[in-house]
Amino acid sequence: MSQVLRAFIAIELPSGVQQRLGRVIQRLQDQLRGVAIRWVKPQNLHLTLKFLGEVSLNNLELIKEILAREAAQVPSFEFSIGELGAFPNAKRPRVLWLHVTAPPPLLALQRSLDLQTARLGYLSEEREYSPHLTIGRVNRQISQTELNRITLLLQEAHLGLDEVVSVTFLTLFRSDLHPDGSVYTPLAVAPLKKPLQER
Ligand code: ATP
Ligand code: MG
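Worth saying up front: this structure is predicted, and the values here are computed from it rather than measured.

### Quick look at the sheet that holds strand β3 (residues 46-56)
Taken in spatial order, the 4 strands make up an open sheet running β3-β1-β8-β9, and their pairing is antiparallel. Every interior strand has two partners, whereas the edge strands, β3 and β9 (183-191), have only one. Across the sheet, the axes of successive neighbouring strands diverge by a mean angle of 25°, strand direction being ignored. For strand β1 (residues 4-12) and β3, the ladder comprises 9 bridges, and the chain directions are antiparallel. For F8, the partnering residue across the bridge sits in β3 and is F51. Helix-sheet contacts for helix α2 (residues 57-71) involve β1, β3, β8 (169-176) and β9, and the interaxial angle to β3 is about 150°. Helix α3 (residues 104-118) contacts β1, β3 and β8 of the sheet and is inclined by roughly 5° relative to β3.

Right, here's the structure in full:
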């Protein structure tokens, strides 16, 4: 029997960014008081590049190699964090998120990681990749009145964030699901290609 763990590849956010976003999330939480939403803890905020799911321990080294190789080919880059949105849409919000700009290196990384890990059997999503930071998950049993409050907030919120994140490495995370929030543990980090002047 081979052991497995739940894993995903992501970009970590600096703790300063996490703290400032945490305050934004707190404000939204106050505005949606009484609505059943599981809000993401600030220290858990991250940008997922590839959700792997169940990974057998036997494959872990191969995944770390892919991560190191693909990261080393893409120069460090920046992305900015924008407005509030929801999947699948504002009328039927299930996942609340903050928009993330998609600079070409981010998309290149996502595509190459997706392709290389798919070759090991970690299949791609059917939906097109759309970079976002998940900040909350709406409870399935929520009433129409609660839904309307979320929809209204989505239509009217202007967060006016001014957050730019510099990305210099990627992280392979283990995820342990718990009723009171998942616990993410870094298993490996992989540096991006350094800009010329720093080599
Ligand atoms: P919970 O599922 O209990 O809400 P979580 O979503 O924080 O916890 P995981 O389900 O392990 O924890 O997900 C880890 C990361 O991968 C999160 O960013 C999540 O949004 C993303 N993710 C999870 N499942 C998928 C999926 N099927 N497709 C794309 N991304 C996913
Ligand atoms: Mg999940």
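### Concerning α3
Side chains three or four residues apart in an α-helix point the same way, a direct result of the helix having 3.6 residues per turn. For α3, spanning 15 residues, the distance from its first C-alpha to its last is 21 Å, which sits close to the expected 21 Å at 1.5 Å a residue. Along α3, the residues classified as buried are L106, L109, Q110, S112, L113, D114, Q116 and T117. Those residues of α3 hidden inside the fold are in contact with β1, β3, α2, β4 (77-88), β5 (93-100) and β8.

Conventions used here
Residues numbered from 1 in each chain as written. Chains lettered and ligands numbered in written order. Predicted model: local features only at pLDDT ≥ 70, side-chain atom pairs only at ≥ 80, totals over all residues. Heavy atoms only, no water. Pairing = 2+ DSSP bridges. Helix = DSSP H or I, 4+ residues; strand = E, 2+ residues; numbered from the N terminus. Axes fitted to C-alpha atoms, helices over the stretch in contact; angles between N-to-C directions. Contact = heavy atoms within 4.5 Å. Expected span 1.5 Å × (residues − 1). Buried < 20%, exposed > 50% of the residue type's maximum accessible area, 1.4 Å probe, protein only.

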